[in-house]
Each structure stands twice: as C-alpha cells, then as structure tokens.
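Remarks on the overall topology
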Amino acid sequence: MKKYIKLFFAAIIALIFIGTFVFLWQKSQPKPIVYEDLTPQMQDIRKTTIITGKIEPRNEVNVKPQISGIISELLKEPGQRVQQGEVIAKVKVIPDMGQLSSAESRVRLADINLRQVENDYARTDNLHKQQLVSDEDYEKARQQLKQAQEEKAAAVDALQVVRDGVSKSNASASSTLIRSTITGVILDIPVKVGNSVINSNTFNDGTTIATVANMNDLIFRGNIDETEVGQLAIGVPMKITIGALQDLSFDASLEYISPKATESNGANQFEIKAAVVLSQASQSSATLRSGYSANAEIVLASASQVLAVPESAISFEGDSTFVYVLVGKTDERAQYERRPVATGLSDGVNIEIKSGITLKDHVRGPQIITDDETIND
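Heads up: these notes are all about the structure in this document. (Residues numbered from 1 in each chain as written. Predicted model: local features only at pLDDT ≥ 70, side-chain atom pairs only at ≥ 80, totals over all residues. Heavy atoms only, no water.)

1. Examining the sheet that holds strand β10 (residues 210-213)
Convention followed: We call two strands paired when DSSP finds no fewer than two bridges between them. Working definition: helices are DSSP H or I runs of at least four residues, strands are E runs of at least two. Numbering for both runs from the N terminus.
Across the sheet, four strands lie side by side as β3-β10-β8-β5; this open sheet has antiparallel pairing. Across the chains shown, the open sheet's two edge strands, defined by having one partner strand only, are β3 (60-63) and β5 (81-82). Across three bridges, the pairing between strand β8 (residues 184-188) and β10 is antiparallel. Each residue of the ladder has a partner; that of Ile 186, found in β10, is Val 212.

This is the structure in structure tokens:
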C-alpha cells in the first residue's frame, strides 16, 4: 500500500514538473508583434493655439473731485450701475484761509461800494424827478447801481464757493457733488467717509473717488509667443472661455497686436487685444466681471476635407516622412511596405497627407500591447 502511495505522489510531482516546463517553454517563444490598423480619412484639420489672459473693460474712467475737502457721504457702492451725471459722493469743503479772507474782504468792499452807489442813485433820482438832472445822467446812475449790485452778488457767490464749495446761484452744478462722467458699472470706490481728497492740479493727479467702466464693451488682453505671432492678422476670429464661467463661451475679434515684444520667463511675447462680442443670452445668464481669467483659442491655420492619418502612424527620418502600408498577410503575420509620403498641416493629433497613400490603403499604427507583455514589462 505504501508503495502505491509513493508512486502516486511521484506521478503528481512529475506532472507538475512537466507542466511547468511546457508553460515556460511556451512563454519563451517569440510572439508576433501586432500593430494597430489605421485607415486614412478625409477630415478638417485646424492648427490652434491657446492664449491665457483676462477680460477687461475697454475703458475705465477714474472719477475725481473738482475741489479739495473731506468725503461727507457715499451714495453708491461697487457693483452698482450709474448713469452719466448721477451723484456718487459728496465732499465737504475745507476752505483755504487765505482765499477765505480774500473773499470776505471782497464782499465787504462790494457792500461799501453798493451803499455809496445807492446813495448817489437816490440823489440823482430825486433830482431827475425835479427835472434838474438830464436823462443821460440818470441812466448812468442807474447803470452804476446795477453794476454795484452785480458786484456784490458775485462777491457773495465767490465767498460761498470758497467757504462751502457751492453757491446758491449754482447749487445744481455744485462741485461738492461728485458725479459719474459716464454710464456704466462702479468697479471700485477706494475712499471712505471721512477721507481727505484733493482735486487734480499741476502737481498731482488728484484723489480717485470711484472707477467706472462700461461692462458692455469688453476686450480680451493676453500675450502670444513670438513663434506664433507671425501667423496672426487683425480681424482673426477667436473663441473666449472664462475659467469662472465654464458653460459660456464668447466670440471675439483680434484688433491689436503689439509692435514691441516683452520678455517673460526668458521668452519674447507680444501683447494682443481682442474685442469680445457679447450676445443677449450671455448677458442675461451671467455677470461678467473685470479681471476674469480667460483663455482664447485662435486658429493659426486650417485645411478643409483633406486626407489625414494619426501622427502616430508617421515615421520621421531627417527631413523625410514615411508610413508603413499593409501589403498582405502570411501565417497570420501582417506584411508592411515602407512608403514615403508628403505631409502638410498637423493639429497635434492628425496630420495631412498630401501624397503617397490613398483612402484604400491601410497603414501601420502603434504597437498593440497585450496584457502578457504588460506583465512582462
């Protein structure tokens, strides 16, 4: 009995040994290399480039005061729309003491002159009624009275402007009311109530009360590499996508290419600007904000309905390009013929074939990697 058991285990060990040997022998045999079969197709090819930049209003206007003073009231907030002439803020005037003293002196002198002229006119009027003074002298006296009254009114107005920033006669056009100079959206109000502000003059630009822009007139601003700028032309269409608004895209038209390059990270780049076309749908479904990051897709070159194959099928050798064309099969092995081709435009995935193959040909693609080969690797 023990003899049969020993023979049984010996047979099992022998079978395992033989099976392992056969398995390893099969694995060691070279397997035929299989390539992907590709067929040329007629298709459109576009060479595009992506430019990063941002969305900006074409014009941003800085609203500045016409007088110096202190912000007493802010009537608007960033993000609100304003009409041209609408009041954004109010300024309380801090008068210059020299100018104030001069204006007060002018009022006193005008008052003294007016009282003197009034007395002269009263005497002339009384004499004229008694026909002791000619009509000409009477008219001169009345004219002098009117002039003295106007001088007094002008002096009072000047004093009110210096002291309060506004006079009763021009209250509607008060320089203490800071008004928007355009219709648009308030992008920023960099001042607060109580801040001192100064008007623009020869020595400084003045304090900016608010920044207003027309958000219906936007541009895309970005930079393009010097290797691609030569393929652009004014009027080229662009497709704008905004990172914060993934579901929306906008058409744009290139309208400016900088004549001078700027260096960025060791590369020369040229600034470009494109006018963004806003549709009614886009305006109603999303709010565009100044400074949004955006990408612009530009078609540098295109070819319509040309013979093309994937670039992975092309072999490069110096300045020459080749493909391997299927010519037959023997023992389940594909046979290929190396054939030179003339290539054209490429979009990075597919490449145009100008000559060398036809639609009926089958070309060799990348090698097909099997699971066994992946495990061995």
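The structure having been displayed, the exposition proceeds.
2. Things to note about the pairing of strand β19 (residues 333-346)
Regular strands place side chains that alternate from one sheet face to the opposite one. When strand β18 (residues 320-330) meets β19, the two strands line up antiparallel, connected through nine bridges. Across the sheet, residue Lys 329 finds its bridge partner in β19, namely Ala 334. As judged from the three bridges shared by β19 and strand β20 (residues 350-355), these two strands associate in the antiparallel manner. Along β20, the bridge assignment pairs Ser 346 with Ile 351. Counted along the chain from β19 to the antiparallel partner β20, the turn is three residues long, and its residue Gly 348 has a positive phi close to 95°.

3. Quick word on the sheet that holds strand β9 (residues 196-197)
Taken in spatial order, the four strands of this open sheet run β7-β6-β4-β9, and their pairing is antiparallel. Edge strands, defined here as strands with exactly one partner in the open sheet, are β7 (177-179) and β9. Note: strand β6 (residues 87-93) against β7, three bridges, orientation antiparallel. Of the residues in β7, the one forming a bridge with Lys 90 is Leu 177.

4. Concerning the pairing of strand β2 (residues 41-57)
Inspection of the sheet shows β2 paired to strand β16 (residues 293-310) by 13 bridges, in the antiparallel sense. Paired with Ile 50 across the strands is Glu 297, a residue of β16. Sheet analysis places β2 next to strand β11 (residues 218-225), joined by five bridges and oriented antiparallel. Following the sheet pairing, Pro 57 is matched in β11 by Leu 218.

5. A word on the nonpolar core
Selection criterion: Nonpolar cores were defined as sets of buried Ala, Val, Leu, Ile, Met, Phe, Trp, Tyr and Cys residues, with membership established by side-chain atoms within 4.5 Å. For every residue, the accessible area (1.4 Å probe, protein chains only) is compared with the maximum for its type, and the residue is labelled buried under 20%, exposed over 50%, or partly exposed between those bounds.
Core analysis: the largest hydrophobic core is formed by 28 residues, its most contacted members being Ile 55, Phe 220, Met 238, Ile 240 and Ile 272. For this core, the secondary-structure elements that each account for two or more residues are β2, β11, β12 (237-242), β13 (245-257), β15 (267-277) and β16. Within the second largest apolar cluster, 14 residues are counted, among which are Val 82, Ile 88, Ile 189 and Ile 209.

6. A closer look at the environment of Thr 207
Take Thr 207: it is sitting in the loop between β9 and β10. Residues Thr 207 and Ser 196, 11 residues apart in the sequence, show an inter-C-alpha distance of 8.6 Å.

7. Concerning the packing of aromatic side chains
For the record, the criterion: When the centres of two rings from Phe, Tyr and Trp lie within 6.5 Å, Trp using its six-membered ring, the rings pair. Their planes under 30 degrees apart give stacked, over 60 give edge-to-face, and anything left gives tilted. In our convention, an over-ring charge means Lys NZ or Arg CZ found within 6 Å of a ring centre and within 35 degrees of that ring's normal.
One pass over the structure, following the stated rule, counts one aromatic pair. Here the aromatic rings of Tyr 121 and Tyr 138 are separated by 5.9 Å at their centres, their planes lie at 35°, and the arrangement is tilted. Here Tyr 121, found in helix α2 (residues 97-129), pairs with Tyr 138, found in helix α3 (residues 135-164); they are 17 residues apart in sequence, far enough to count as distant. Considered together, Tyr 121 and Tyr 138 belong to a single accessibility category, that of buried residues. Lying across the ring of Tyr 256, Lys 273 places its NZ or CZ 5.1 Å from the centre. Between Arg 364 and the ring centre of Tyr 336, over which it is positioned, the NZ or CZ distance is 5.6 Å.

8. Some remarks on the pattern of salt bridges
Under the convention used in this document: When a carboxyl oxygen of Asp or Glu is within 4 Å of a side-chain nitrogen of Lys or Arg, the pair counts as a salt bridge.
For the structure on display, the rule yields 19 salt bridges. As a salt-bridge pair, Arg 123 and Asp 120 come within 2.3 Å of each other at their nearest N and O atoms. Here Arg 123 pairs with Asp 120, and both are found in helix α2, just three residues apart, close to one helical turn. For Arg 339, the salt bridge identified is with Glu 337, shortest N-O distance 2.9 Å. Among the charged side chains, a network of salt bridges with common partners joins Lys 54, Glu 56, Arg 221 and Glu 271.

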